[in-house]
Amino acid sequence: MSGGRSAVLRILFLTQTYPRWPGDTAGPFIRELARGLVRAGDRVTVLTPRAAQVRRAWNDDGVQVRSFAYAPRPLEVLGYGRSLAADEHVRPGAALAAPFYLLAAARAVARHLGRERYDLLHAHWVAPNALAALWPGVHSRGTLIAAGLHGSDVFLAEKPLARPAIRRALARCDLLTGCSPELVERVQRIGYQGKPARVIPYGVDTDMFRPAAELPGEPDEQPWRERLNIPGDSTVLLGVGRLATKKGFQVLIDVLPRLLSDFSDLHAIIAGDGDQMTDFQATVDGWRPDHTSRVHLPGAVAHDDLPGLYRGADLFVLPAVHDPQGNVDGLPNVILEALASGLPVVATAVSGIPLAVESGVQGLLVPEQDRTALREAIASLLGSPERRRLMGARARARAVSQLTWDIVAGRYRQAYVDALADGARR
């Protein structure tokens, strides 16, 4: 590498979420990116906030993970999906804890940079973690700083009270990464200009998520259709994700009654938990009995149980939207998991989703909030098993050829290398 740097990159991640136990759904993409970089021969240390069931330090398949305390345990309410209510409003407790979190995170980063030389600090979630770059002990170490965009962090960064500090932090960043063009463009408008920015989609574990036809050995111990009492000859529509407005499941709920009437063998599974669960359950319970019995809301599903859930479905639906506050997902991981599982995807053409799904090839993309278009797209695939099979095969092929974590980690690594070379020239 230029500038006399070692061919082995030493990378420090600052994140507000990281899987706390096997099967945890909190931030698996951060872990998989870190593991992919380690498999390529680099050294990665992850700093994550303390929480219940988070150890002080551990080795995660070569990734060195360290947690930091930032408040008395009852007040540690940030990260791990706890900061926002319905992904639309900052919870009061989280707002109170934020200054303590920022101070502790910046100090943790400064301590690590003082003990060992790192080539690059990647602060995942521009708000709040890029603000650590404002701490004098961070920026003075000569380590390049990257800000990673994931979705809700951009929504927070755009708040009037946050913008000035975010703008100052961005001025100290040398690289911007995001999983969707929209997120990158929104942050560039805040004040990141004239420096490298990369749009890189997330990856997916194509060995873990794969079609049933490719499974070696025995099938799943208890298939999801059996768990939910779904007949084996039914057609299953699946949606997975937090039950928050930006996921768009309220749009899907609106079109389900017509679809259930038109397709008598249709069952729908919406797997996930969140603030909308009570409303969704009440809505479905108010439908006529033969419709209610064909809609399944199993709640949160552990990450390790998801592959079997996808294998029990015939098509995947995620009608993501910009919520009333302007919040939007970058690129939902569940889209990639569905592709790797060989499912055709019906989704909306928002944010980073078109990076993964070409409409008419691996699935169908419709305008957000367009209930008619969503219903017609789903109906067209429900009525054509052969088209579903063809799109599902293309979905699997795309995941394997372009979206494995090793491929995606390689793209991140190249972004780091280019930023380091650019910094050496300046």
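Structure report, in brief. Every chain is numbered on its own, with residues counted from 1 as its sequence reads. Per-residue local features are limited, in this predicted model, to residues with pLDDT of at least 70; the limit for side-chain atom pairs, both in listing and counting, is 80 or more; totals at the level of whole chains, interfaces and linings are taken over all residues. Remark: hydrogens and water are excluded; side-chain values derive from all non-hydrogen atoms of the structure.

**A closer look at the pattern of salt bridges**
Stage number 1. Salt bridge, as used here: a side-chain nitrogen of Lys or Arg that lies within 4 Å of a carboxyl oxygen of Asp or Glu. Overall, the coordinates contain 23 salt bridges when judged by the stated rule.
Stage number 2. Asp406 is the salt-bridge partner of Arg39, the closest N and O atoms lying 2.8 Å from each other. Remark: Asp406 occurs in helix α17 (residues 405-425) and Arg39 occurs in helix α1 (residues 28-39); sequence separation between them is 367 residues.
Stage number 3. In this structure, Arg371 engages Asp254 in a salt bridge whose closest nitrogen and oxygen atoms are separated by 2.8 Å. With a gap of 117 residues between them, Arg371 in helix α15 (residues 371-382) and Asp254 in helix α9 (residues 249-262) connect regions that are remote in the sequence.
Stage number 4. A simple rule labels every residue: compare its accessible area, found with a 1.4 Å probe on the protein chains alone, to the largest value its type can have, and call it buried under 20%, exposed over 50%, or partly exposed in between. Accessibility expressed as a relative area gives 45% for Asp254, which makes it partly exposed.
Stage number 5. Counted as one network, the salt bridges with shared partners bring together Arg31, Glu32, Arg35, Asp60 and Asp61. Only runs of H or I of at least four residues qualify as helices and only runs of E of at least two qualify as strands under DSSP, and these elements are numbered from the N terminus.

**As for the environment of Ala105**
Stage number 1. Take Ala105: it is sitting in helix α2 (residues 92-115).
Stage number 2. Ala105 sits in the buried class, given a relative accessible area of 2%.
Stage number 3. For Ala105 and Leu156, which are 51 residues apart along the polypeptide, the C-alpha to C-alpha distance reads 18 Å.
Stage number 4. When sequence neighbours within four positions are dropped, the list of residues in contact with Ala105 reads Leu14 and Phe68. In this description, contact between two residues means that some pair of their heavy atoms is separated by no more than 4.5 Å.

**Observations concerning the pairing of strand β4 (residues 63-68)**
Stage number 1. Across five bridges, strand β2 (residues 43-49) lies against β4 in parallel orientation. Pairing of Thr48 across the sheet is with Ser67, part of β4.
Stage number 2. Any two strands with at least two DSSP-identified bridges between them are counted as paired. Counting the residues between successive antiparallel strands, the hairpin from strand β3 (residues 57-60) to β4 contains two residues, one of them, Asp61, with a positive phi of roughly 50°.

**A few points about the sheet that holds strand β11 (residues 235-240)**
Sheet strands line up and pair through hydrogen bonds in the backbone, either parallel or antiparallel.
Stage number 1. With parallel pairing, six strands are arranged side by side in an open sheet as β13-β12-β11-β14-β15-β16. Two strands bound the open sheet, and with one partner strand each, they are β13 (295-299) and β16 (363-366). Each adjacent strand pair in this sheet contributes to an overall mean axis angle of 20°, direction not counted.
Stage number 2. Where β11 lies against strand β14 (residues 315-318), two bridges are found, and the strand directions are parallel. By the bridge assignment, Leu237 is partnered in β14 with Leu315.
Stage number 3. Note on method: axes are straight lines fitted to C-alpha atoms, helices fitted across the in-contact stretch only, with angles between N-to-C directions ranging 0 to 180 degrees. In the packing of helix α13 (residues 333-340) onto the sheet, the strands contacted are β11, β14 and β15 (345-348), and the crossing angle to β14 comes to about 170°.
Stage number 4. Strands in contact with α15 are β11, β12 (266-271), β14, β15 and β16; relative to β16, the strand with the most contacts, it is inclined by about 170°.

**Re the packing of aromatic side chains**
Stage number 1. Ring pairs are drawn from Phe, Tyr and Trp, using the six-membered ring of Trp, whenever the two centres fall within 6.5 Å, and their geometry is named by plane angle: stacked under 30 degrees, edge-to-face over 60, tilted for the rest. Inspection of every chain in the model, using the stated rule, returns eight aromatic pairs.
Stage number 2. Both rings, one in Phe29 and one in Trp125, keep their centres 5.8 Å apart while their planes meet at 55°; by these two values the pair is tilted. Remark: Trp125 occurs in the loop between β7 (120-124) and α3 (126-129) and Phe29 occurs in helix α1; sequence separation between them is 96 residues.
Stage number 3. Its relative accessible area of 9% is what places Trp125 among the buried residues.

**Details of the pairing of β7**
Stage number 1. The buried count for β7 comes to five of five residues, which makes it a mostly enclosed element.
Stage number 2. Along β7, one buried face is formed by Leu120, His122 and His124 and the opposite face, lined by Leu121 and Ala123, is buried too.
Stage number 3. Pairing analysis gives four bridges linking strand β1 (residues 10-14) to β7, with the strands arranged parallel. Bridging across to β7, Leu14 finds its partner in Ala123.
Stage number 4. Both β7 and strand β8 (residues 144-149) contribute to a ladder of five bridges, which runs parallel. When the sheet's bridge partners are listed, Leu121 is paired in β8 with Ile145.

**Some points on helix α16 (residues 385-402)**
Stage number 1. Under the convention used throughout, the expected extent of a helix is 1.5 Å for every residue step, that is, one less than its residue count. Between its terminal C-alpha atoms α16 stretches 26 Å, which fits the 26 Å expected from 18 residues at 1.5 Å a residue.
Stage number 2. By the burial criterion, the buried members of α16 are Arg388, Met391, Gly392, Ala395, Arg396, Arg398 and Ala399. Projected onto a plane normal to the axis of α16, the buried residues spread over an arc of 160° and lie on a single side.
Stage number 3. Elements in contact with the buried residues of α16: β11, β14, α13, α14 (353-356), β16 and α15. Along the arc lie the directions from the helix axis toward the C-beta atoms.

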